[in-house]
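Read off the chains here:
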Amino acid sequence: MFPRRTTSSRRGFLFAAGSLVGAAGAATIAHAEVLKAPTGAVLYDVPDDPTKVQGRPVVDGSYGTRSQFETEARMRYPTPNENTSWSLTPLGRGVGNITPSGLHFERHHGGIPTIDPAKHNLLIHGMVERSMTFSMADIKRLPSVTRKHFIECSGNGLTEWNKPTMKTVQGTHGLLSTSEWTGVQFATFARETGLKEGAAWVLAEGADAAVMTRSIPLEKMLKDALIVYGQNGEAIRPEQGYPLRLLLPGYEGNTHIKWLRRLQVSDKPFMTREETAKYTDLLGSGKARIFSLDMEAKSVITFPSGEMKLPGPGFYNITGLAWTGRGRVQSVDVSLDSGRTWYPARLESPPEPMCTVRFSFPWMWDGKGAVLQSRCIDETGYVQPTLEQLIAIRGNNGSFGSIYHLNAIQSWAVSEAGDVTNVHA
Amino acid sequence: MSMRNSWFGCVIGVCLFSGSAGAQSMVGHFGVGQTATADEAAKYFSIPPSGDGLPAGSGTAKAGVEVFASTCAACHSDKLQGNPAAGIGGDRLLGGRGSLAGKTPVKTVESYWPYATTLFDYIKRTMPFSAPGSLKDDEVYSLVAYILSEARIIKPSETIDAKSLPKVQMPNKDGFIPDARPELELYR
């Protein structure tokens, strides 16, 4: 497939942008001197022949690190304040469906709190028959479920309404991550507390400095809301809500309240700052949609994507992620010509509800300029729209207007030189 | 409702932990968790547009001037226009009325927020940024009065308290519509 290059030099070419490996240059990559361990790795000497010396001993009490040759990390969006900021998942080099917990995107409004689980409780009160508190130990005694779900910030891609802005897929789509979550269904708690006639909404509250609150329809809470403490086989990461978070499959990320400490059942929504002043979608008409909670069908090609460079004509396995907040991904199409012709992609695993699925498409690049796109079709029949279609509906007051829920088809232009760039096409 | 209650009662009183396989499969209550006292719930607040839960106390714009200057102006500026400086990033609070349908909409308390009760809830919950939740209820009422007065939504002389706050009519109160999705245009 890459007759002129070794595996390691190919990687140097493909992922050159901004990485330590790329800076070292493709020709020297196989023996590149790594001077500083990347985040999450430990630096070890590299033997000339690993079969001729003993490797590292097995260490008791260790946690494990990744290879010193892997460099991808989250990238913080440059908000003025580091406590109310977000960091993006490096989708461009990801494989499979699951986001490593250490690379899951973050969004905080008051920093990451440090919480002792022994002192953390969940209070459920309001329009319930019995107000109750549950310790973490109590919660872990209850029957649990384990499900894979994506979380996507409703602002994922908000920089891209007016013109292509971010250079990489991490920048355009990195507020998306998928984990295997473990916890207790809200419905289980509702049976413990009982619900009063007329109950229709639930306020969820976090234990961070922002004391984040969102109102969630009770119907959603009873249908599939999870109160989770596990992420990818271990406790949730602190930046993801340790020790407890709300998980609302398919809903916008801001509603998945982290560091969850309280659920108040009510007959009406509370109209918190987040659900009025912030996470509402201002349309061209001047009216704003409120409680636009579902994340709709979306997909993105992660390879090749912005800032990558293809070394030359030949075979490439186009790959990317597709997801929908309204159920399962039904199918994914790929276009090589700005959407004039579409071909069915291959799904690499059976789609699960409100979960990403990786797709791929075999591409024999002839060396001519191309525009690569993907579109997701979900099981409700919804076809991922173009940006033009969304603007026709929501108006064009762009980055100050309908900034959320941008699920338009993404375009990557491939030049004859093999450079891949973010374009509107 | 009554049927469900009596079934729950049966489960609590008779079936749970009775040891029979049949009862195990019908568990309704697990008996895990503690009954919460009224005091525990009283530690928390969340103020809906009805004003339910607003505490005693009151404030005026005049009193709010001082509180704002000492605890808010560093981030939101003394003119309430926000401070985008590195390390700060305080939101703009005033202006933008009439801009929402234009090319550069400006979303502020004055132009965008539909309920004044939300302002009390948010300030009490999270402000000031360097010492979240440290303001006394009278200080919060005063800040709300000051911001609403500077926005010309209330008169400078008005007192804001649990009774008056829910009655405040925000300029953009009718600016919100239910989510219209799925967008039917996309199914044609």
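Worth saying up front: this structure is predicted, and the values here are computed from it rather than measured. All residue numbers refer to position in the chain's written sequence, counted from 1. Whichever chain is written first becomes A and whichever ligand is written first becomes 1, with later ones labelled in order. Totals for whole chains, interfaces and linings use all residues, but because this is a predicted model, local features are given only for residues with pLDDT of at least 70 and pairs of side-chain atoms are given and counted only at 80 or more. Processing note: side-chain calculations cover all non-hydrogen atoms of the structure and skip hydrogens and water entirely.

Let us now look at the nonpolar core. Nonpolar cores are built from buried Ala, Val, Leu, Ile, Met, Phe, Trp, Tyr and Cys residues. Side-chain atoms within 4.5 Å join them into one set. The classification of residues rests on relative accessible area computed with a 1.4 Å probe and restricted to protein chains. Under 20% of the type maximum is buried, over 50% is exposed, and intermediate values are partly exposed. Membership of the largest hydrophobic core comes to 77 residues, with the highest contact counts inside it found for Met221, Leu246 and Leu263 of chain A together with Leu148 of chain B. Sort the elements by how many residues they give to this core and helix H7 (residues 137–150) of chain B lands first, with eight residues. Contacts are residue-level and defined by heavy atoms, with any inter-residue pair within 4.5 Å sufficient. Not counting the four nearest positions on each side in its chain, leucine 263 of chain A is found in contact with Leu122, Leu123, Ile124, His125, Phe186, Val202, Leu203, Ala204, Met221 and Ile227 of chain A. Helix and strand assignments come from DSSP, with helices taken as H or I runs of at least 4 residues and strands as E runs of at least 2, each series counted from the N terminus.

Let's shift gears to the packing of aromatic side chains. All names here are of chain A. For Phe, Tyr and Trp, rings pair up if their centres lie within 6.5 Å, where Trp contributes its six-membered ring, and each pair is then called stacked (planes under 30 degrees apart), edge-to-face (over 60) or tilted (otherwise). All chains considered together, the criterion is met by 14 aromatic pairs over all chains. With a centroid separation of 5.1 Å and an interplanar angle of 25 degrees, the aromatic rings of tyrosine 279 and tyrosine 404 are classed as stacked. In this pair, tyrosine 279 sits in the loop between helix H7 (273–278) and strand E14 (281–282) while tyrosine 404 sits in the loop between helix H8 (387–394) and strand E23 (411–414), placing the two residues 125 residues apart along the sequence. In this pair, the class of tyrosine 279 matches that of tyrosine 404, namely buried. Aromatic side chains tyrosine 316 and tryptophan 363 sit 6.2 Å apart centroid to centroid with 45 degrees between the ring planes, which places their arrangement in the tilted category. Here the residue tyrosine 316 occupies a position in strand E17 (residues 314–323), and tryptophan 363 occupies one in strand E21 (residues 357–365), the gap between them amounting to 47 residues. The pair tyrosine 316 / tryptophan 363 is uniform in exposure class, with both members buried. An aromatic cluster is present here, built from Phe303, Tyr316, Trp363 and Trp365 joined pairwise through their rings.

A word on the confidence of the model for chain B. Summary statistics for chain B give a mean pLDDT of 89 and a share of 85% for residues scoring 70 or more. We note a pTM of 0.91 for the whole complex and an ipTM of 0.90 for its interfaces. Every residue is assigned a pLDDT by the predictor, reflecting its confidence on a scale from 0 to 100.

A few words on the UniProt feature "domain: Cytochrome c" (unreviewed entry) in chain B. UniProt positions are given in the numbering used here, feature names are shortened, and annotations may be inferred rather than shown by experiment. UniProt's feature table lists "domain: Cytochrome c" (unreviewed entry) at residues 59–151 of chain B, given in the numbering used throughout. Helix and strand shares over residues 59–151 of chain B are 43% and 2% respectively, and the end C-alpha atoms of the span are 16 Å apart.

Contact with chain A, which involves 72 residues of that partner, is made by 57 residues of chain B. Any Lys or Arg side-chain nitrogen found within 4 Å of a carboxyl oxygen on Asp or Glu counts as a salt bridge. One can count six salt bridges joining chain A with chain B. With a closest N to O distance of 2.7 Å, aspartate 91 of chain B and lysine 278 of chain A form a salt bridge. Contacts described as polar in this section are N or O atom pairs within 3.5 Å, which, within protein, must combine one atom able to donate a hydrogen with one able to accept it, while residues neighboring in sequence count only if both atoms come from side chains. The tally of links between chain A and chain B comes to 29 residue pairs in polar contact (both at pLDDT 80 or more). With five residues, H7 of chain A is the single largest residue contributor to the side of chain A that touches chain B. Taken together, the residues of the side of chain A that touches chain B break down into 26 nonpolar, 25 polar and 21 charged. Looking at chain direction, strand E5 (residues 132–135) of chain A and strand E1 (residues 34–35) of chain B are connected through two bridges and run antiparallel. Each residue receives one of three labels: charged for Asp, Glu, Lys and Arg, nonpolar for Ala, Val, Leu, Ile, Met, Phe, Trp, Tyr, Cys and Pro, and polar for the others, Gly being one of them. DSSP-based pairing: two strands are paired if at least 2 bridges between them are found.

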